[in-house]
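# An overview of the molecular structure
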Amino acid sequence: MKVQSVKQIAADEMKVGVSRVWIDTNSIDQVLDATSREDVRKLIDLHIIQKKQKKGNSNYRLKKRIEQLAKGRRRGEGSVRGTKYARFPRKRRWISRIRALRRELRELKTNNKIDKKTYRRYYRIIKSGSFVSRAQLRNHIQAAGLLKGDKNENSTSS
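Residues numbered from 1 in each chain as written. Predicted model: local features only at pLDDT ≥ 70, side-chain atom pairs only at ≥ 80, totals over all residues. Heavy atoms only, no water.

### Observations concerning a positive patch on the surface
For clarity, the threshold we go by: Patch membership requires more than 30% relative accessible area and the absence of a salt bridge. Residues of like charge join within 9 Å; the nonpolar side chains Val, Leu, Ile, Met, Phe, Trp and Tyr join within 5 Å. In this description, accessible areas are obtained by the Shrake-Rupley approach with a 1.4 Å probe, and a residue is regarded as covered only by the protein chains that are shown. A carboxyl oxygen of Asp or Glu within 4 Å of a side-chain nitrogen of Lys or Arg is what we treat as a salt bridge. Working convention for charge: Lys and Arg count positive, Asp and Glu count negative, and His plus the chain ends are omitted. Charge positions are represented by NZ for Lys, CZ for Arg, CG for Asp and CD for Glu. Strands are runs of DSSP state E lasting at least two residues, helices are runs of H or I lasting at least four, and both sets are numbered from the N terminus onward.
There is a patch of like positive charges on the surface, built from K91, R92, R99, R103 and R106. With respect to the helices and strands, the residue R99 is situated in helix α6 (residues 90-110).

Shown next as structure tokens:
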């Protein structure tokens, strides 16, 4: 049998492609003597015919890049693709802001810093988009004089 036919049978037996079949060149005479599938199987068992390892793509560069991104690198102007609102949409921004403000308002109500009426009023004001941050909301409530027990807190913290 020719080497090419042995290779073909070996590929079929090992369930790989012909290109992944490796034949030991030192034992080529044994390979040429193989006349049947059984002979080829014996050669495989004797490791005269082996299957090569699959070629894979290395993930090193990808992992390195992800590591750099985690550190905040590779985020310069040249790497930015998409507009400001494509990268962090207006709606997402609105949701995160409104949730933070409502959470702050809820905390003030549960800690009895504000009453229900004030809570409802400011809930509506928040919904209108009047406040940008929790600090601004707190300052506004404080300036309106609606924050209960605030005089004691300021004296103890300073």
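Having put the structure on the table, let's press on.
### Re the packing of α6 against helix α8 (residues 134-143)
The following threshold applies: Think of each axis as a best-fit line through the C-alpha atoms, taken over the contacting stretch in the case of a helix, with angles from 0 to 180 degrees between the N-to-C directions. Roughly parallel refers to an angle under 35 degrees, roughly antiparallel to one over 145, roughly perpendicular to one between 65 and 115, and oblique to any angle outside these ranges. By convention the crossing between two helices is left-handed if the near helix lies anticlockwise of the far one by an angle smaller than a right angle, and right-handed if it lies clockwise. Residue contacts are counted whenever heavy atoms from the two residues lie within 4.5 Å of one another.
Close contact between α6 and α8 brings their axes to 9 Å; oriented N to C, the two are set at 40 degrees. Looking at the two axes, α6 sits oblique to α8. Classified by chirality, the crossing of α8 by α6 is right-handed. For the pair formed by α6 and α8, the contact residues are A100, L101, E104, L105 and L108 on the first element and R134, L137, R138 and I141 on the second.

### Focus on the confidence of the model for the chain
Parts of the model with low pLDDT should not have their predicted coordinates read in detail. Which entries qualify depends on this criterion: Scored between 0 and 100, pLDDT is the confidence that the predictor attaches to each residue.
With 94% of its residues at a pLDDT of 70 or more, the chain has an overall mean of 93. Confidence drops under a pLDDT of 50 for residues 154-158, and excluding neighbours within four residues, the segment shows one contact in the predicted structure.

### A few points about the pattern of salt bridges
Applying the stated rule across the entire model yields six salt bridges. Across the pair D12 and R37 runs a salt bridge, and its minimum N-O distance is 2.8 Å. Here R37 lies in helix α3 (residues 37-45) and D12 lies in helix α1 (residues 3-14), a separation of 25 residues in the sequence. Between R41 and E38 there is a salt bridge, and its shortest N-O distance comes to 2.8 Å. Here R41 and its partner E38 are both found in helix α3, three residues apart, which amounts to about one turn of the helix. What emerges from the salt-bridge pattern is a single network uniting D12, E13, R37, E38 and R41.

### Digging into the domain arrangement of the chain
Note the following rule: Per the annotation, domain bounds derive from an automatic or database assignment of domains.
Split into domains, the chain comes out as domain 1 (3-51) and domain 2 (90-144). Distance from the C-alpha centre of domain 1 to the C-alpha centre of domain 2: 76 Å.

### Things to note about the nonpolar core
Most often, soluble globular proteins keep nonpolar side chains buried together rather than apart. To be explicit about the condition: Residues enter a nonpolar core if they are buried and are Ala, Val, Leu, Ile, Met, Phe, Trp, Tyr or Cys, with the set joined through side-chain atoms within 4.5 Å. Exposure is judged per residue with a 1.4 Å probe applied to protein chains only, and the accessible area is read against the type maximum: over 50% gives exposed, under 20% gives buried, and values in between give partly exposed.
Counting residues in hydrophobic clusters, the biggest one holds 15 residues, and the most contacted among them are A10, M14, V21, V40 and I49. For this core, the secondary structure elements donating two or more residues are α1, β1 (21-23) and α3. Top element by residues in this core is α1. It accounts for five residues. Every residue in contact with V40, bar those within four places of it in the chain, is listed here: V6, I9, A10, A34 and I49. L108, I114, Y119 and L147 belong to the second-largest nonpolar core, a separate cluster that totals twelve residues.

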